[in-house]
Amino acid sequence: MKKTVICPGSFDPVTRGHLDIINRAARMFDCVIVGVLVNSAKNPSFSIEERIDFLREATKELDNVKVVSFDGLLAEYCRQNNVDAVVRGLRAVSDFEYEFQMALTNKKLNPQLETIFLSADADAMYLSSSMVREVASMGGDISNFVPECIHDKIVRGLRK
Ligand code: PNS
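Caption draft 1: Focus on the overall build of the protein. Along its length, the protein carries six helices and five strands. For the protein, the C-alpha radius of gyration of 15 Å lies close to 15 Å, the compact-globule estimate for 160 residues. Across its three principal directions, the C-alpha atoms of the protein cover 45 × 35 × 30 Å. Looking at the protein as a whole, 44% of its 160 residues are labelled buried. Taking contacts inside the protein between residues at least 6 apart in sequence as the whole, the part at least 24 apart equals 76%. Approximately 9200 Å² of the protein is accessible, and the part contributed by carbon and sulfur atoms is 51%.

Written as structure tokens, this is what we have:
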């Protein structure tokens, strides 16, 4: 049976670390949905449309990846769309508590839904969207941190 997974996140903006996880998920599963979602604890710099646009551009060569956005609960979307598992990247021990809490909450809401953690690539362990935003907004070089094809758009958006 075909396996569908979702890589959910705020992606504000997508980093090379996110893209590494999406690429690896695309090699492991039949269909990968990248979900650009609302994290109620965060106040994003980029609109949902801009974040979708960055992700579509960065994943355009991956045939089994589609980028979507939806309101509401991730667990509910997965139930309604027959998504087998959530895939999240883990960078450091400090990520673990938050990720574990989300995984267990989603499992309680949708007992069929598994969460799979992929360890971040060694080169992406330190990367975060918030660091990218801070460095770019202060005029620093983010070319090592974000996919090349959307670098200029991200820089323009953050220096506005
Ligand atoms: O990149 P982030 O901000 O760490 O991703 C968190 C995200 C967006 C995956 C999480 O906040 C989420 O799933 N939001 C959708 C609403 C939802 O289902 N909330 C309950 C999560 S346990």
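Caption draft 2: View of the pairing of strand β3 (residues 65-69). Here strand β2 (residues 31-36) pairs with β3 via five bridges, running parallel. Paired with Gly35 across the strands is Val68, a residue of β3. The handedness of the β2 to β3 crossover, carried by helix α2 (residues 48-58), is right-handed.

The rules behind these values
Starting from 1, residues in each chain are numbered consecutively following that chain's sequence as written. With pLDDT at 70 or above as the cut-off, local features in this predicted model cover only qualifying residues; side-chain atom pairs require 80 or more to be listed or tallied, and sums for whole chains, interfaces and linings still use all residues. Only hydrogens and water are removed before side-chain values are computed, so all heavy atoms of the structure are retained for them. Going along the chain from the N terminus, every DSSP run of H or I of four or more residues is numbered as a helix, and every run of E of two or more is numbered as a strand. Computation of the radius of gyration draws on C-alpha atoms alone. For the globule rule, the value is 2.2 Å times the number of residues to the power 0.38. Throughout this description, buried means an accessible area under 20% of the type-specific maximum (1.4 Å probe, protein chains only), exposed means over 50%, and partly exposed covers the range between. Every residue pair with non-hydrogen atoms within 4.5 Å of one another is taken to be in contact. The Shrake-Rupley method, run with a 1.4 Å probe, gives the accessible areas here. Residue values count only the displayed protein chains as cover. Strand pairing follows a simple DSSP-based rule, namely that at least 2 bridges must link the two strands. Handedness is read with the strands pointing away from the viewer; a crossover is right-handed when the path from the first strand over the helix to the second is clockwise.

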